[in-house]
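# Working through the structure, step by step
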Amino acid sequence: MVLNRQSDINELLAESFELLQQIEEGYAGAKNNEEIIQIAKPKVKSCLEHLRSCLDYIATDLSGITNSSKTPRDIHFPYGKDRKIFIKSLNRNLPDLSSNYQEIIENIQPHTSGDKWLLHLCKTVNFNKHTELQQQDRVNSDKSTTTVGNLVRMEGGGNLTIGNIYINGEHKNPKGPLVVTKDKPIKDIVDETGLDIPIERKYEWVRFVLKGTALDVRELLSVSHSKITNLVSEIYSA
């Protein structure tokens, strides 16, 4: 049998890379926009599923080479949190797989690589596919720069209080002194002042962490894409 799904896998990798670029744009925009509280969840789901499909296509190709009578109807890429569970998954999905391919697959398992990206990817795919679109928590860098027109530029932490603001003789903050802190939302600063000047804040970085985990969306997807790309190269050149 011939490994014949590589072109399909490459198409999925290319499509997932395009989705990653769009997600990256969301991250870049969020550094300057506090109102972006999540990265588009359907895009995240699509990227996750494309990457998981790459793995399952590899497994289906390998089953064709093995051509074992014990191969199940539904074949999935084998993985496990430890070697015992991995071997059980391997024997269930790819029985009688040759040792060279088994070694390649085992090298990306957490018990061999020390990296849990494969576990995280598969678990996250299952949740988003079968349960719901996973919510995200926005996490901002501690350092940020806040500017209020040409009046204020505040970097880092601390508090800044500005008394009466007059522009062309007009009192611009009749509600009282303007208090600027790195934690006060830009929307609140705008509401307090009513100033017709740009009020902006830029963070050094922003992370979007999948609810109930410590997994950053961009990191999980980009690491998984890179690892699967390398895996494809190894499998189809073995």
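Described in the following lines is the structure provided in the data block. No experiment lies behind these values; they were computed from the predicted model shown.

### A look at the overall build of the protein
Each helix and strand counted, the protein has eight helices and nine strands in total. Computed over its C-alpha atoms, the radius of gyration of the protein comes to 25 Å, more than 25% above the 18 Å expected for a compact globule of 238 residues. Dimensions of the protein, computed from C-alpha atoms along their principal axes, come out at roughly 85 × 30 × 30 Å. Within the protein, contacts between residues at least 6 apart in sequence are counted, and of these 66% link residues at least 24 apart. On the protein, roughly 13,200 Å² of surface is accessible, and the fraction owed to carbon and sulfur atoms is 47%. If the 30 positive side-chain charges of the protein are averaged to one point and the 32 negative ones to another, these points end up 5 Å apart.

### Some thoughts on the pattern of salt bridges
Tallied over the entire structure, the rule returns nine salt bridges. Ionic pairing is found between Arg-153 and Glu-155, a salt bridge with its closest N-O pair at 3.0 Å. For Glu-155, a relative accessible area of 52% translates into the label exposed.

### What about the pairing of strand E3 (residues 152–155)?
Residues Val-152 and Met-154 line the buried face of E3, whereas the alternating positions Arg-153 and Glu-155 sit on a face that is not buried. Two elements, strand E2 (residues 144–148) and E3, share four bridges in a ladder whose sense is antiparallel. If you follow Val-148 over to E3, its bridge partner there is Val-152. In sequence, E2 turns back onto E3 through a hairpin of three residues, with Gly-149 there showing a positive phi of about 50°.

### With respect to the environment of Leu-231
As for its placement among the helices and strands, Leu-231 is situated in helix H8 (residues 217–235). Under the relative-accessibility criterion, Leu-231 is labelled buried at 1%. Note: C-alpha distance between Leu-231 and Ala-59 (172 residues apart in sequence) is 12 Å. Aside from chain neighbours lying at most four places away, what touches Leu-231 is Leu-55, Ile-58, Phe-77, Ile-104 and Ile-108.

So, how was this worked out
- Residues numbered from 1 in each chain as written.
- Predicted model: local features only at pLDDT ≥ 70, side-chain atom pairs only at ≥ 80, totals over all residues.
- Heavy atoms only, no water.
- Helix = DSSP H or I, 4+ residues; strand = E, 2+ residues; numbered from the N terminus.
- Rg over C-alpha atoms; globule rule 2.2 N^0.38 Å.
- Contact = heavy atoms within 4.5 Å.
- Areas by Shrake-Rupley, 256 points an atom, 1.4 Å probe, with all protein chains shown as cover.
- Lys, Arg positive; Asp, Glu negative; His and termini not counted.
- Charge placed at Lys NZ, Arg CZ, Asp CG, Glu CD.
- Salt bridge = Lys/Arg side-chain N within 4 Å of Asp/Glu carboxyl O.
- Buried < 20%, exposed > 50% of the residue type's maximum accessible area, 1.4 Å probe, protein only.
- Pairing = 2+ DSSP bridges.

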